[in-house]
Amino acid sequence: MSNPKVSIVIPVYNTEVFVEEAVRSIMDQTLRDTEIIIINDGSTDTSLDIIQKLSEEDTRIQIYSQENQGLSATRNRGIALASGRYIYFMDSDDYLEPKALETCLDKCEKNNLDSVFFDADILNKEHDFSINLTYDRDDYTDENELYNGIDLLNTLLDNKCYTPSACLNFINLNHLRQTKNLFLPGIIHEDQLFTCILYLEARRIMRINDRFFKRRLREDSIMTRRFSRRNMDCYFIVSDHLLAYANDHPITKATIDKYL
């Protein structure tokens, strides 16, 4: 499809149990004018076989394979490949509500937005991973209000309801490329850097008061495994990059200091 309205980027790495549900949640979106970019990041299970079968059902699916490079590099490749007006990053073990992309597109088009964000819910709440996660921001933001990104980030930080997940943001692709905001390769917690910069660079951003994204918590994932030295090292790397950004953009310094 030439010039689709939305490009959906789905990195896949060893998620054979969940990937079909994740991809079908994108295939079944009410918005049909999309391209579905699936990048197999060196999976060693049957994930590739599953997405290849799905591609036989839907011509919008484009499959690319590479040696394992990690989530950041894979998403960056998706950004380079994308041809839509907007971009959305989907995880291969989660689920997106059917009207999500259409609702986001409509909101962005009507308000000329750089991005729009929404909330999430946990798919498997019955499992206790001893993680205190919240994706509810409706008490602190108004879905009818147009925000400057810095002001919005300050509001979320002040009310302790900021969440960095890239999957909760629907982004104008031209804006993303103009700001040269990419995911930092070789680290975990890459969303902590990417999404913070996304907010800081946004001049027109709004919210949608829906829990469109359904997150699945898995054992031994980055989110659920025991905090390690690598977690700490990557947080320091993210902090260094944000401090460098603040030096280049002094107007953001107070907000970045608050975030750190």
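Description of the structure in this document. This one's a predicted model, so the numbers in the text were calculated from it and none came from an experiment.

1. A short note on the overall build of the protein
No. 1: Summing up its helical and strand segments, the protein has nine helices and 10 strands in all.
No. 2: Here the protein, with 260 residues, has 53% of them falling under the buried criterion.
No. 3: Summed over its atoms, the accessible surface of the protein is roughly 12,400 Å², and 45% of this surface lies on carbon and sulfur atoms.
No. 4: Charge centroids of the protein, computed over 30 positive and 43 negative side chains, lie 3 Å from each other.

2. Examining the nonpolar core
As a rule of thumb, soluble globular proteins bury nonpolar side chains together.
No. 1: Counting 39 residues, the largest nonpolar core has Tyr88, Leu96 and Phe170 as its most contacted members.
No. 2: Elements represented by at least two residues in this core include exactly β1 (6-12), α1 (19-27), β2 (34-41), α2 (47-55), β4 (86-89), α4 (100-111) and β7 (120-122).
No. 3: Residues within four places of Leu96 in sequence aside, it is in contact with Ser25, Ile26, Gln29, Tyr88, Met90, Leu101, Phe118, Phe212 and Phe213.
No. 4: Of all hydrophobic cores here, the second largest spans 26 residues; its members include Leu152, Ala202, Tyr245 and Ala246.

3. Some words on the environment of Ile197
No. 1: Positionally, Ile197 belongs in helix α7 (residues 190-201).
No. 2: Given a relative accessible area of 9%, Ile197 falls into the buried group.
No. 3: Counting along the chain gives 45 residues from Ile197 to Leu242, while the straight-line C-alpha distance between them is 8.1 Å.
No. 4: Ignoring any residue separated from it by four or fewer positions in sequence, one finds Ile197 in contact with Asn181, Leu242 and Tyr245.

4. Regarding the sheet that holds strand β8 (residues 169-172)
The pairing of strands in a sheet comes from backbone hydrogen bonds and takes either a parallel or an antiparallel form.
No. 1: The strand order β3-β2-β1-β4-β8-β6-β9 describes an open sheet built from seven strands, whose pairing is mixed. Looking at which strands have only one partner, the edges of the open sheet turn out to be β3 (61-66) and β9 (205-207). Each adjacent strand pair in this sheet contributes to an overall mean axis angle of 20°, direction not counted.
No. 2: Where helix α3 (residues 71-81) meets the sheet, it contacts β1, β2, β3 and β4, and its direction lies at approximately 145° from that of β2.

5. Notes on the layout of surface pockets
No. 1: Empty space within the second largest pocket amounts to approximately 160 Å³.
No. 2: Asn181, Leu182, Phe183, Leu184, Pro185, Leu193, Ile197, His241, Ala244, Tyr245, Asp248 and His249 together form the lining of the second largest pocket.
No. 3: Among the elements that line the lining of the second largest pocket, the one with the most residues is helix α8 (residues 229-248), at four residues.
No. 4: Taken together, the residues of the lining of the second largest pocket break down into eight nonpolar, three polar and one charged.

Cut-offs and rules
- Once a new chain begins, its residue numbering starts again from 1 and follows that chain's sequence as written.
- Confidence filtering applies because this is a predicted model: local features only for residues at pLDDT of at least 70, side-chain atom pairs given and counted only at 80 or more, and all residues used for totals across whole chains, interfaces and linings.
- The side-chain numbers reported here are obtained from all heavy atoms of the structure, hydrogens and water having been left aside.
- Here a helix means four or more residues in a row that DSSP labels H or I, a strand means two or more in a row labelled E, and each is numbered from the N terminus.
- Between buried and exposed lies partly exposed: a residue is buried under 20% and exposed over 50% of the maximum accessible area for its type, with that area taken using a 1.4 Å probe on protein chains only.
- A 1.4 Å probe and the Shrake-Rupley method give the accessible areas. Residues count as covered only by the protein chains that appear here.
- In this count, Lys and Arg are taken as positive residues and Asp and Glu as negative ones, while His and the chain termini are left out.
- Note that the charge is assigned to NZ on lysines, CZ on arginines, CG on aspartates and CD on glutamates.
- Among the buried residues, those of types Ala, Val, Leu, Ile, Met, Phe, Trp, Tyr and Cys that are joined through side-chain atoms within 4.5 Å form a nonpolar core.
- Only heavy atoms enter the contact rule, under which two residues are in contact if any of them lie within 4.5 Å.
- At least two DSSP bridges between two strands are required for those strands to pair.
- With axes taken as lines fitted to C-alpha atoms, and helix axes fitted only over the stretch in contact, angles between N-to-C directions fall between 0 and 180 degrees.
- Buriedness of a pocket was judged along seven lines, with at least five required to meet protein on both sides within 12 Å; pockets are open sets of points on a 1 Å grid over the protein atoms alone, cavities are sets where a 1.4 Å probe fits but cannot get out, and lining residues have an atom within 4 Å of a point.
- Grid points are joined across faces, edges and corners, and a volume is the space filled by probe spheres set on the points.
- Under the scheme applied, nonpolar residues are Ala, Val, Leu, Ile, Met, Phe, Trp, Tyr, Cys and Pro; charged residues are Asp, Glu, Lys and Arg; polar residues are all the others, including Gly.

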